[in-house]
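This is what each chain is made of:
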Amino acid sequence: MAFGTRDDLSFRFSSRRNVVFFLVSFCLVLGLAHASRPLIALAGFLAVLLVVEWREASRVLSGIRVRRHHYPRTFQGENVHLRLDIRNHSAHAARLVEVTDSFPPAGNYFIRNLATSIPAGGAADFRYSQQCSRRRGLYILGPANVTAGDLLGFFPRHETLDELTKLLVYPT
């Protein structure tokens, strides 16, 4: 389940998406001013490309599920081995999927993993190991932040998945 989804539609002059928006408007205005069919066709092609990419990006995270697996107890100073299972339950492939996990017992809040493609109905496993350098206590691991988008990277999508697990750290 996801408890937060947001689209990155912020305006930046140097983003690829905004450059394509500029090219669409530039080609359309110039093509209409000079009655140039190739420029009007180029503007139409780029506009259709943007619409197709936006539709593709709008459904890319709909079927992504994350599960974290680890042993629930450890000692201070020990290494904990974690595995993140990412499953794509949608009918569309997810491309350039970045999963950011947090591990508070080590003070490490940004553990990033990247999968280039997760096919429809497919899965990816991310494994990492972290040392418990903090004091004893009960720690909550998570949530997992997932970022993916369309094939060309015009419309990235961000989602926070509520995959929370507990880790009990004993003193040495």
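Residues numbered from 1 in each chain as written. Predicted model: local features only at pLDDT ≥ 70, side-chain atom pairs only at ≥ 80, totals over all residues. Heavy atoms only, no water.

### What to know about the sheet that holds strand β11 (residues 165-170)
One open sheet accounts for three strands, arranged β3-β11-β8; its pairing is mixed. With one partner strand each, in any of the chains shown, β3 (73-75) and β8 (137-141) form the two edges of the open sheet. In this sheet, neighbouring strand axes are inclined to one another by 30 degrees on average, regardless of whether the strands run parallel or antiparallel. Inspection of the sheet shows β3 paired to β11 by three bridges, in the parallel sense. Pairing of F75 across the sheet is with Y170, part of β11. (Pairing = 2+ DSSP bridges. Helix = DSSP H or I, 4+ residues; strand = E, 2+ residues; numbered from the N terminus. Axes fitted to C-alpha atoms, helices over the stretch in contact; angles between N-to-C directions.)

### Details of the nonpolar core
Counting residues in each nonpolar core, the largest one holds 27 residues, and the members touching the most others are I86, V99, F103 and V146. At the level of secondary structure, the elements contributing two or more residues to this core comprise β2 (64-69), β4 (79-88), β5 (94-103), β6 (108-118), β7 (123-131), β8, β9 (144-149) and β11. Discounting residues that sit within four places of it in the chain, I86 has contacts with I64, R65, V66, V99, I118, G122, A123, A124 and F126. Ranked by size, the runner-up nonpolar core spans seven residues in total, among them V24, L46, A57 and F155. (Core = buried A, V, L, I, M, F, W, Y, C linked by side-chain atoms within 4.5 Å. Buried < 20%, exposed > 50% of the residue type's maximum accessible area, 1.4 Å probe, protein only. Contact = heavy atoms within 4.5 Å.)

### Quick look at the layout of surface pockets
To find the voids left in a structure, one rolls a probe of water-molecule size over its atoms. Reported here for the largest pocket is a volume of approximately 200 Å³. The wall of the largest pocket is formed by R16, L96, E98, L114, T147, A148, G149, D150, L151, L152, G153 and P156. For the lining of the largest pocket, the secondary structure elements donating two or more residues are β5 and β9. No other element matches the three residues that β9 contributes to the lining of the largest pocket. Within the lining of the largest pocket, the residues separate by chemical class into six nonpolar, three polar and three charged. (1 Å grid on protein atoms, 1.4 Å probe; cavity = no way out; pocket = protein on both sides within 12 Å on 5 of 7 lines; lining within 4 Å. Points joined across faces, edges and corners; volume = space filled by probe spheres on them. Nonpolar A, V, L, I, M, F, W, Y, C, P; charged D, E, K, R; others polar.)

### Thoughts on the packing of aromatic side chains
In this structure the tally under the stated criterion is two aromatic pairs. Ring geometry for F22 and F26: centres 5.8 Å apart, planes at 20 degrees, overall stacked. With F22 and F26 both in helix α1 (residues 16-34) and four residues apart, this pair spans about one turn of that helix. F22 sits in the exposed class, given a relative accessible area of 51%. (Phe/Tyr/Trp six-rings, centres within 6.5 Å; stacked < 30°, edge-to-face > 60°.)

### Remarks on the pairing of β7
Of the two faces of β7, only one is covered, namely that formed by A124, F126, Y128 and Q130; the face formed by A123, D125, R127, S129 and Q131 stays uncovered. Looking at chain direction, β4 and β7 are connected through nine bridges and run antiparallel. From the neighbouring strand, L84 faces β7, where its bridge partner is F126.

### Concerning the sheet that holds β4
One open sheet accounts for three strands, arranged β2-β4-β7; its pairing is antiparallel. Looking at the sheet topology across the chains shown, the edges are occupied by β2 and β7. Each strand axis lies, on average, 20 degrees off the axis of its neighbour in the sheet, ignoring direction.

### Details of the pattern of salt bridges
According to the stated counting rule, one finds four salt bridges in the structure shown. Here D101 makes a salt bridge to R68, at a shortest N to O gap of 2.6 Å. Of this pair, D101 sits in strand β5 while R68 sits in strand β2, and the two are 33 residues apart along the sequence. Take D101 and R68: they sit in the same class, and that class is buried. The shortest N-O distance in the salt bridge between D85 and R83 comes to 3.1 Å. Judged by its relative accessible area of 8%, D85 falls in the buried class. Classification of R83 as partly exposed rests on a relative accessible area of 26%. (Salt bridge = Lys/Arg side-chain N within 4 Å of Asp/Glu carboxyl O.)

The quantities given are spatial measurements derived from coordinates; they are silent on function.
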